[in-house]
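Take a look at the letters that make up each chain.
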Amino acid sequence: MIRIFVALIISVVVTGILFIMAAMSGGMCHCMDAMFNLFPYGTIVTMRTSWEDTGLLLTFAQFPVYTILVLITPAKRWKVVVAIALLVIHVVFAVWGLRVHKGPRYFSSSSQ
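Definitions and cut-offs
Residues numbered from 1 in each chain as written. Predicted model: local features only at pLDDT ≥ 70, side-chain atom pairs only at ≥ 80, totals over all residues. Heavy atoms only, no water. Phe/Tyr/Trp six-rings, centres within 6.5 Å; stacked < 30°, edge-to-face > 60°. Helix = DSSP H or I, 4+ residues; strand = E, 2+ residues; numbered from the N terminus. Buried < 20%, exposed > 50% of the residue type's maximum accessible area, 1.4 Å probe, protein only. Contact = heavy atoms within 4.5 Å. Axes fitted to C-alpha atoms, helices over the stretch in contact; angles between N-to-C directions. Parallel < 35°, antiparallel > 145°, perpendicular 65-115°, else oblique. Left-handed = near helix turned anticlockwise from the far one by under 90°. Nonpolar A, V, L, I, M, F, W, Y, C, P; charged D, E, K, R; others polar. Expected span 1.5 Å × (residues − 1). Core = buried A, V, L, I, M, F, W, Y, C linked by side-chain atoms within 4.5 Å. Polar contact = N/O pair within 3.5 Å; in protein donor to acceptor, adjacent residues only side chain to side chain.

Further remarks concern the packing of aromatic side chains. Scanning the entire structure with this criterion turns up seven aromatic pairs. Seen from their ring centres, Phe19 and Phe60 are 4.9 Å apart, and the 50° between their planes marks the pair as tilted. Of the two residues, Phe19 sits in helix H1 (residues 2-29) while Phe60 sits in helix H4 (residues 52-72), which places them 41 residues apart along the sequence.

The next thing to look at is the environment of Lys102. With respect to the element layout, Lys102 can be found in helix H5 (residues 76-102). Overall, the relative accessible area of 31% leaves Lys102 in the partly exposed class. Sequence separation of Lys102 and Ile9 is 93 residues, and the distance between their C-alpha atoms is 34 Å. Aside from chain neighbours lying at most four places away, what touches Lys102 is Cys31 and Asp33.

Right, let's talk about the packing of H4 against H5 for a bit. With their axes 9 Å apart at the nearest point, H4 and H5 run at an angle of 155° to one another. Looking at the two axes, H4 sits roughly antiparallel to H5. Our pair here, H4 against H5, has a crossing hand that is right-handed. In this structure, H4 uses Gln62, Tyr66, Leu69, Val70 and Leu71 to contact H5, whose residues at the interface are Lys79, Val82, Leu86 and His90. Across the contact of H4 with H5, the residue classes tally to six nonpolar, two polar and one charged.

When two helices pack together, you describe them by how their axes are tilted relative to each other and by the distance separating the axes. Remark: helix H3 (residues 40-48) packs on H5, axes separated minimally by 9 Å, with the N-to-C direction vectors making an angle of 25°. Considered as vectors, H3 and H5 are oriented roughly parallel to each other. For H3 against H5, the interelement crossing comes out left-handed. Two secondary-structure elements touch here, H3 through Pro40, Tyr41, Ile44, Met47 and Arg48 and H5 through Ile89, His90, Phe93, Ala94, Trp96, Gly97, Val100 and His101. Looking at the contact of H3 with H5, its residues break down into nine nonpolar, three polar and one charged.

A word on H5. The end-to-end C-alpha distance of H5 is 39 Å, a good match for the 39 Å that 27 residues give at a rise of 1.5 Å each. Buried within H5 we find Leu86, His90, Ala94, Gly97 and Leu98. For H5, the secondary structure elements touched by its buried residues are helix H2 (33-38), H3 and H4. In the segment just after H5, Gly103 is the residue with positive phi, at about 95°.

To continue, consider the nonpolar core. Formed by Ala22, Ala34, Met35, Phe39, Tyr41, Phe63, Tyr66 and Leu86, the largest nonpolar core amounts to eight residues. Going through the elements one at a time, H2 and H4 are the ones with two or more residues in this core. In contact with Ala22, not counting residues within four places along its chain, are Ala34, Met35, Leu38 and Phe39.

In this structure, Thr43 sits in helix H3. For Thr43, a relative accessible area of 3% corresponds to the buried category. Distance in space between the C-alpha atoms of Thr43 and Gly55 is 6.2 Å, their sequence separation being twelve residues. If we ignore the near neighbours within four places in the chain, the residues touching Thr43 are Met32, Met35, Phe36 and Thr59. There is a polar contact of 2.6 Å between the side chain of Thr43 and the backbone oxygen of Phe39.

Below, the structure written as structure tokens:
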């Protein structure tokens, strides 16, 4: 039990640090790229709807939920599977969020 509590505290602290770093990075370029890359679920909800509170909740709950999912998985082999699945889902949502936010011209392979 103490292991889960310590891991949650660490994930909350890391989430706060990453949020501040992403906000500072976004402020320097006036873009949302870092937020979409690190916190895709909350940023998609915030940017595409008027549910700012829900988006902020998703943003700050994302990494603690990842931590809980990996910690409650019983076998080491399944932990790896869960971690890879979380990574794939995270990347898919980050790319989708950037694609919707930036538009199709940002991701086109042809140069004009």
